[in-house]
Amino acid sequence: MKTVENQPSNPESVRSQFLMSGNAAEAVAGRSTFVDQLVTHAFRSHLAPVFSQGMSVLAVGGYGRRELFPHSDIDLLLLIEKEIHGDAQRNALSTFLRTLWDNGLRVSQSVRSIAECCQFDQNNVELSVSLLDERFLIGDHDLYDSFSARLPKFIRSNRTNLIRHLIKLTNQRHAKFHDTIYHLEPNIKETPGGLRDLHVVHWLTKVRGGDPGAEISLNEARDFLWDVRCRLHYRAGRDSNVLTFDLQEELSAEPAAWMRDYYRHARDVHRCARQQMELSDSAAEGGLARQFREWRSRLSNADFTVLRERVFLRAPQQLASDPDLVLRLFQFVARHGIRLSLETERRVRDHKLYLEEYFASSRPLWQSLKQLLLLPHAAPALRAMHETGLLQIIIPVWEQIECLVVRDFYHRYTVDEHTLVTLEYLEELKATNDASRRRFRELVEETDEMPLLFMALLFHDMGKSDGLEGHAIASAKLAERVLERMQMPEAERRTVLFLIEQHLVLSAVMNSRDLSDPATAVELASRVETIERLRLLTLMTYADISAVNPDAMTPWRLEQLWRTYLVGHRELTRELDTERIHVPEHDETADFLEGLPTRYLRTHTPEQVQQHVALARSAGEAGLAVDLKRGEGVYALTVLTTDRPNLFASLAGILSSFGMNIVKAEAFANQNGTVLDTFCFADPMRTLELNPAEADRLKAVIRRTVLGTEDVQRLLRGRAKPPAPSKRAEVRPTVAFDAEASDSATLVEIVAEDRPGLLYDLASTFSSAGCSIEVVLIDTEAHKALDVFYITKEGGKLAPEEHTDLRDRLLVVCNH
């Protein structure tokens with residue numbers, strides 16, 4: 001980096017001082033001072049000779065506040081009296097900016113007149129916001145004086161617009177992060193509760209002319225976040241703000257406890273930002289909004305007042321003498337969907353000792369909670385109970401999962417946040433109009449035990465606090481004591497504990513069992529026992545998967561969950577199923593079906609059978625037919641040809657080389673040696689949708705491969721490798737055999753680190769061992785592959801003595 005003479009400090013000295021002292025405020029101020037000198041020196045060298053007057057250089061935004069982190073951008077406003085003209089001025093400006101870039105500064109500059117600065121542009125609100133923190137650096141002081149005299153008047157006259165846009169932009173930013181601070185790997189600048197929310201508190205206070213006490217109250221949180229951001233920048237050597245798992249370990253010897261400190265500070269910042277937004281929004285609201293809020297205020301009753309769409313306690317002191325008032329408060333929230341005022345939240349927190357003493361003993365609390373959980377806005381009411389600490393008071397074991405980070409590289413949120421999100425997904429289901437989810441909504445409408453399901457979800461991950469794998473049983477044990485203290489009736493208690501203990505059953509079945517195998521249906525029915533329990537477990541699984549992260553419930557998983565429900569339902573009511581498929585003799589269909597396993601008829605409708613018969617007819621002399629269809633969230637590929645070595649593996653390799661994610665595959669062969677291979681796959685990059693010609697190219701590559709003129713391994717070598725996972729994310733491969741899961745095949749379950757071509761290599765290994773692949777189920781969690789193969793050899797299960805050798809060969813492939 002180039003430097004200038006007489007620096008009071010330089011980046012290296014600032015960095016060294018910070019790493020020794022840990023004083024982020026000094027580091028931030030030190031870099032601001034360093035940049036000030038670079039900018040003023042560059043101005044004197046290049047701009048002053050041609051702009052003796054008529055130009056001022058202002059620091060704006062974070063730079064204006066003297067909050068420059070090690071690799072923050074430099075926001076400059078070049079204030080001009082007249083439009084820049086002539087080559088001399090333009091060249092001088094270009095040289096000035098180039099000098100700053102050559103000195104290692106990432107400059108974001110704008111050139112504006114006073115009139116342009118003092119004109120509100122709703123398409124560029126960021127300019128007006130940045131001016132709230134303007135600071136004179138160098139140049140024409142008279143010009144700056146004129147600007148600084150006009151700016152306050154401009155801010156006052158556009159106060160309402162600025163407030164509304166700041167609130168709108170903040171809400172949009174929060175929505176990108178799903179309105180929660182509890183991300184496992186948060187962006188400490190943009191995530192709710194991060195540095196940007198600190199700025200929002202500062203800006204709204206400044207625009208409104210409020211008391212700066214709110215900012216002062218956040219000094220501890222600010223110092224924590226500043227320290228973290230400085231360390232992230234120095235560690236990455238760039239403007240990096242995501243607090244990854246690896247960085248959490250580098251920054252603290254006890255990362256889990258340290259992250260709880262982060263969430264505590266983020267919660268304070270987020271709460272303060274919400275408060276300032278509410279105060280500012282109230283001051284800026286228009287007539288229609290005021291009328292609506294006045295109409296909503298009619299919901300007030302003897303205990304509660306509704307003002308400005310927030311619930312207030314009429315007599316807060318009654319919380320000490322009438323603790324049941326707090327339960328009525330949250331029932332009111334659950335009934336009307338109106339948020340608590342921040343003042344009410346504070347009042348509840350202030351009475352924590354009274355409430356803890358009252359709810360510590362056994363009392364009939366369940367009836368009050370059950371009433372709450374039957375109301376239309378139960379999920380936000382439970383979230384409000386969490387925010388005020390009441391949930392922890394009535395469910396003391398909740399403290400064990402509060403802000404708990406469990407690093408599985410698949411979940412996005414802390415355990416407590418994941419739990420609350422499951423409830424919100426379940427509640428959203430009640431009103432969904434999405435075609436693929438309406439059938440799940442019908443399950444909600446068919447049950448009258450939703451309060452029990454909500455309670456099961458509240459406890460379902462509680463056992464994760466002990467760090468053990470089998471958390472479901474541990475969760476049920478923790479729940480049992482609490483439910484008994486709440487005086488929940490024994491029958492309801494048994495249902496809740498069953499749901500908690502079995503909440504992973506449907507996920508396991510849909511991801512690792514052939515839903516067309518009768519053994520799967522029998523096993524599932526024996527686990528769930530009744531149709532009502534199956535219904536509740538289906539809804540629980542829907543909510544649990546959906547809340548893992550926003551992309552977890554793919555259309556494929558949604559369809560698989562519904563199929564799992566249907567499989568269990570049919571088995572539990574199978575005495576009603578009397579329909580049988582009759583195959584005509586001595587015709588084209590019979591010739592095609594002859595020798596196919598009976599599983600084929602269980603997995604395909606008569607219409608699909610006829611489509612396959614037509615496909616066999618179209619194979620012609622080449623003995624090959626390829627069909628590709630787009631379905632609900634996935635594509636279906638069907639290849640019909642004569643059997644040949646490594647066929648299944650080759651098809652899997654082709655799909656992988658095109659960047660497709662296979663989710664299920666099946667192989668069938670009849671007595672004539674005709675093979676029917678089917679693959680369901682997702683297209684994450686929308687390659688086939690955006691480039692229709694690629695579908696034809698895919699089918700052409702398949703034809704060339706089957707006919708022996710295309711090398712699949714060459715295709716896979718051309719596939720870009722994904723970035724290496726975090727060192728903590730490495731997956732130790734496992735291979736497990738199960739001879740009892742199916743009546744006719746051996747189940748082989750493989751867990752390994754996902755990579756392009758993994759399925760191809762696994763399938764090739766089975767083929768070289770003389771095995772036939774009947775069904776493959778593929779699932780991925782982040783970079784972890786979970787593949788389940790139903791394998792036969794010479795028409796039957798694998799002999800036990802063959803397991804060891806095959807396991808060793810598969811592990812070699814997984815470690816490749």
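Before reading on, note that the structure itself is shown above.
With respect to the overall build of the chain
(1) Moving on: Check the secondary structure of the chain and you find 39 helices and 15 strands.
(2) Moving on: Expressed along its principal axes, the backbone C-alpha trace of the chain runs to roughly 100 × 75 × 50 Å.
(3) Moving on: Sorting the 816 residues of the chain into buried and exposed places 54% on the buried side.
(4) Moving on: When contacts within the chain are restricted to residue pairs at least 6 apart in sequence, those whose partners lie at least 24 apart make up 71%.
(5) Moving on: As displayed, the chain offers around 37,200 Å² of accessible surface, 48% of which is attributable to carbon and sulfur atoms.
(6) Moving on: Seen as two clouds, the 98 positive and the 118 negative side-chain charges of the chain have centres 5 Å apart.

Some remarks on the packing of aromatic side chains
Both the distance between ring centres and the angle between the ring planes are used here to describe each pair of aromatic rings.
(1) Moving on: Across all of its chains, the model carries 17 aromatic pairs by this definition.
(2) Moving on: Look at Tyr182 and Tyr263: their rings are 5.6 Å apart centre to centre, the planes differ by 40°, and that puts the pair in the tilted class. Here Tyr182, found in the loop between α8 (159–176) and α9 (195–208), pairs with Tyr263, found in helix α13 (residues 255–284); they are 81 residues apart in sequence, far enough to count as distant.
(3) Moving on: For the ring pair Tyr358 and Phe359, a centre distance of 4.9 Å and an interplane angle of 80° mean the geometry is edge-to-face.
(4) Moving on: With a relative accessible area of 2%, Phe359 lands in the buried category.

Examining the sheet that holds strand β2 (residues 74–80)
(1) Moving on: Pairing is mixed across the open sheet formed by four strands, whose spatial order is β3-β2-β1-β4. At either end of the open sheet lies a strand with only one pairing partner, and these are β3 (107–113) and β4 (135–139). The sheet shows a mean angle of 25° between the axes of neighbouring strands, direction not considered.
(2) Moving on: Both strand β1 (residues 55–59) and β2 contribute to a ladder of five bridges, which runs antiparallel.

Digging into the environment of Tyr262
(1) Moving on: If you trace the backbone, Tyr262 turns up in helix α13.
(2) Moving on: Sequence spacing of Tyr262 and Gly193 is 69 residues, and the spatial spacing of their C-alpha atoms is 9.5 Å.
(3) Moving on: Among residues more than four places away in sequence, those in contact with Tyr262 are Ile181, Pro186, Ile188, Phe224 and Leu225.

A word on the sheet that holds strand β5 (residues 304–307)
(1) Moving on: Here three strands make up an open sheet; going across it, the order is β5-β6-β7 and the pairing mixed. The outermost strands of the open sheet, each flanked by one partner alone, are β5 and β7 (339–340).
(2) Moving on: Here strand β6 (residues 310–313) runs beside β7; their pairing, made up of two bridges, is parallel. Residue Val311 lies in a different strand from β7, and its bridge partner there is Leu340.
(3) Moving on: Helix α16 (residues 324–336) contacts β5, β6 and β7 of the sheet and is inclined by roughly 35° relative to β5.
(4) Moving on: Packing of helix α17 (residues 342–350) onto the sheet brings it into contact with β6 and β7, and relative to β6 it is tilted by some 45°.

Considerations on the pairing of strand β10 (residues 661–669)
(1) Moving on: Within β10, seven of the nine residues are buried, leaving the element largely enclosed by the surrounding structure.
(2) Moving on: In terms of strand pairing, β10 meets strand β11 (residues 674–682) through eight bridges, oriented antiparallel. Across the sheet, Ala665 pairs through a bridge with Phe679, a residue of β11.
(3) Moving on: In this antiparallel pair of consecutive strands, β10 and β11, the connection spans four residues, and Gly673 shows a positive phi of 80°.

As for helix α24 (residues 450–459)
(1) Moving on: When you tally the buried positions in α24, you get ten out of ten residues, the bulk of the element.
(2) Moving on: What α24 keeps buried is the set Met450, Pro451, Leu452, Leu453, Phe454, Met455, Ala456, Leu457, Leu458 and Phe459.

Thoughts on the nonpolar core
(1) Moving on: Counting residues in hydrophobic clusters, the biggest one holds 94 residues, and the most contacted among them are Ile395, Met455 and Phe459.
(2) Moving on: Looking at this core element by element, the count peaks at nine residues for α24.
(3) Moving on: With near-sequence residues (within four places) excluded, Ile395 lies in contact with Leu458, Phe459, Met462, Val482 and Met486.
(4) Moving on: One finds Val626, Val675, Phe679 and Ala785 within the second-largest nonpolar core, a separate group that totals 54 residues.

Some points on the side chain of Ser764
(1) Moving on: You can see Ser764 is positioned in helix α38 (residues 758–768).
(2) Moving on: What makes Ser764 buried here is its relative accessible area of 18%.
(3) Moving on: Not counting chain neighbours up to four residues away, the residues in contact with Ser764 comprise Asn646 and Ala649.

Here we look at the packing of helix α26 (residues 490–501) against helix α29 (residues 531–546)
Any two packed helices are characterised by the angle at which their axes cross and by the distance between the axes.
(1) Moving on: Between α26 and α29, the shortest axis-to-axis distance is 10 Å and the interhelical angle comes to 50°. Accordingly, the angle class assigned to the pair α26 and α29 is oblique. As α26 packs across α29, the resulting crossing turns out to be right-handed. Contacts from Arg494, Thr495, Phe498, Leu499 and Ile500 of α26 reach α29 at Arg533, Leu536, Leu537 and Met540.

Things to note about the environment of Leu707
(1) Moving on: Structurally, Leu707 is set in the loop between α36 (692–706) and α37 (712–717).
(2) Moving on: In this structure, the C-alpha to C-alpha distance between Leu707 and Glu607, residues 100 residues apart in sequence, is 29 Å.

Regarding the pairing of β1
(1) Moving on: Burial analysis of β1 places five of its five residues in the buried class, the great majority of the element.
(2) Moving on: Two elements, β1 and β4, share four bridges in a ladder whose sense is antiparallel. Paired with Ser56 across the strands is Gly139, a residue of β4.

Describing the state of the cysteines
(1) Moving on: According to the stated counting rule, one finds zero disulfides in the structure shown.
(2) Moving on: In this model Cys403 remains outside any disulfide bridge; the closest cysteine sulfur is found in Cys272, 18 Å from its own.

Overview of the packing of α24 against α26
(1) Moving on: Where α24 contacts α26, the axes come no closer than 9 Å and their chain directions differ by 45°. Classified by the angle their axes make, α24 and α26 are oblique. Handedness of the crossing formed by α24 with α26: right-handed. Note on element contacts: α26 touches α24 through Glu492, Thr495, Val496, Leu499 and Ile500, opposite Leu452, Leu453, Met455, Ala456 and Phe459.
(2) Moving on: In the contact of α24 with α26, the residues fall into eight nonpolar, one polar and one charged.

Points about the pattern of salt bridges
(1) Moving on: Scanning the model with the defined rule gives 51 salt bridges in all.
(2) Moving on: In this structure, Asp322 engages Arg328 in a salt bridge whose closest nitrogen and oxygen atoms are separated by 2.8 Å.
(3) Moving on: A salt bridge links Asp434 to Arg437, with the shortest nitrogen-to-oxygen separation between them at 3.4 Å.
(4) Moving on: Judged by its relative accessible area of 22%, Arg437 is partly exposed.

Focus on α16
(1) Moving on: Helix length check: α16, at 13 residues, gives a terminal C-alpha distance of 19 Å against a target of 18 Å (1.5 Å per residue), a fit within 8%.
(2) Moving on: Those residues of α16 not exposed but buried are Leu325, Val326, Leu327, Leu329, Phe330, Gln331, Phe332, Val333 and Ala334.

Looking at unusual backbone geometry
(1) Moving on: Located in the positive-phi region is Gln487, a residue other than glycine, with phi close to 65°.
(2) Moving on: You can see Gln487 is positioned in the loop between α25 (471–485) and α26.
(3) Moving on: The exposure class of Gln487 is partly exposed, given its relative accessible area of 40%.
(4) Moving on: Here the phi dihedral of Asn646 falls at roughly 65°; this positive angle occurs in a residue that is not glycine.
(5) Moving on: Summarising the element assignment, Asn646 is placed in the loop between β9 (635–642) and α34 (647–657).
(6) Moving on: Residue class for Asn646 comes out partly exposed when judged on its relative accessible area of 23%.

Re the side chain of His165
(1) Moving on: Considering the arrangement of structural elements, one finds His165 in helix α8.
(2) Moving on: Using a relative accessible area of 17% as the deciding quantity, one classes His165 as buried.

The rules we used
- Residues numbered from 1 in each chain as written.
- Predicted model: local features only at pLDDT ≥ 70, side-chain atom pairs only at ≥ 80, totals over all residues.
- Heavy atoms only, no water.
- Helix = DSSP H or I, 4+ residues; strand = E, 2+ residues; numbered from the N terminus.
- Buried < 20%, exposed > 50% of the residue type's maximum accessible area, 1.4 Å probe, protein only.
- Contact = heavy atoms within 4.5 Å.
- Areas by Shrake-Rupley, 256 points an atom, 1.4 Å probe, with all protein chains shown as cover.
- Lys, Arg positive; Asp, Glu negative; His and termini not counted.
- Charge placed at Lys NZ, Arg CZ, Asp CG, Glu CD.
- Phe/Tyr/Trp six-rings, centres within 6.5 Å; stacked < 30°, edge-to-face > 60°.
- Pairing = 2+ DSSP bridges.
- Axes fitted to C-alpha atoms, helices over the stretch in contact; angles between N-to-C directions.
- Core = buried A, V, L, I, M, F, W, Y, C linked by side-chain atoms within 4.5 Å.
- Parallel < 35°, antiparallel > 145°, perpendicular 65-115°, else oblique.
- Left-handed = near helix turned anticlockwise from the far one by under 90°.
- Disulfide = S-S within 2.5 Å.
- Nonpolar A, V, L, I, M, F, W, Y, C, P; charged D, E, K, R; others polar.
- Salt bridge = Lys/Arg side-chain N within 4 Å of Asp/Glu carboxyl O.
- Expected span 1.5 Å × (residues − 1).

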